[in-house]
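# Coordinates in review
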Amino acid sequence: MALPGECVNSTLTKCMDCGTTLPIKVLRSNAGYYIGFFCPNCGPYSRESEYYKHEHEAKAALEGGAYYR
């Protein structure tokens, strides 16, 4: 997971390992829902938000652009 200051803070980025273009989206982990990047080839890339208990909360934050930590 990202350390302070390591967030991408963008809506599109490229995986540094394989070069795949990654869109920002709502993802899920054992800790809850979050907004971040996931590479289909390399796995989790970054978490750009706090954790949300419900998926609809994370989707609303992403749509409203109010998710940066």
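In the block above lies the structure referred to throughout.
Before going into details, it helps to say that this report is about the structure given with it. It should be emphasised that the depicted structure is a prediction, and the values quoted were computed from it without experimental measurement.

## What to know about the overall build of the chain
Scanning the chain from terminus to terminus reveals one helix and five strands. N-terminal to C-terminal, the α/β element order of the chain is β-β-β-β-β-α. Across the 69 residues that make up the chain, the buried fraction comes to 32%. Looking at the chain alone, contacts between residues at least 24 apart form 32% of all its contacts between residues at least 6 apart. Accessible area for the chain stands at about 4,500 Å²; split by element, carbon and sulfur atoms hold 50% of it.

## Quick word on the pattern of salt bridges
One pass over the structure, following the stated rule, counts one salt bridge. Two residues, glutamate 55 and lysine 59, come together in a salt bridge whose shortest N-O distance is 3.6 Å. Of this pair, glutamate 55 and lysine 59 both sit in helix 1 (residues 55–64), four residues apart, which is roughly one turn of that helix.

## Looking at the nonpolar core
Judged by nonpolar contacts, Cys15, Leu22, Ile24, Tyr33, Ile35, Phe37, Cys39, Tyr52, Ala58, Ala61 and Tyr67 together constitute the single largest core of eleven residues. Among the secondary structure elements, those contributing two or more residues to this core are strand 4 (32–39) and helix 1. Counting residues per element, this core draws most heavily on strand 4, at four residues. Not counting residues within four places of it along the chain, the set of residues in contact with tyrosine 33 comprises Val26, Leu27, Arg28, Glu50, Tyr51, Tyr52, Lys53, His54, Glu55 and Ala58.

## Digging into the packing of aromatic side chains
Taken as a whole and judged by the stated rule, the model has one aromatic pair. A centroid spacing of 5.7 Å and a plane angle of 75° characterise the contact between tyrosine 34 and tyrosine 51, whose relative ring orientation is edge-to-face. One end of the pair, tyrosine 34, is in strand 4; the other, tyrosine 51, is in the loop between strand 5 (43–47) and helix 1, and 17 residues separate them in sequence. A relative accessible area of 4% places tyrosine 34 in the buried class.

What counts as what
Residues numbered from 1 in each chain as written. Predicted model: local features only at pLDDT ≥ 70, side-chain atom pairs only at ≥ 80, totals over all residues. Heavy atoms only, no water. Helix = DSSP H or I, 4+ residues; strand = E, 2+ residues; numbered from the N terminus. Buried < 20%, exposed > 50% of the residue type's maximum accessible area, 1.4 Å probe, protein only. Contact = heavy atoms within 4.5 Å. Areas by Shrake-Rupley, 256 points an atom, 1.4 Å probe, with all protein chains shown as cover. Salt bridge = Lys/Arg side-chain N within 4 Å of Asp/Glu carboxyl O. Core = buried A, V, L, I, M, F, W, Y, C linked by side-chain atoms within 4.5 Å. Phe/Tyr/Trp six-rings, centres within 6.5 Å; stacked < 30°, edge-to-face > 60°.

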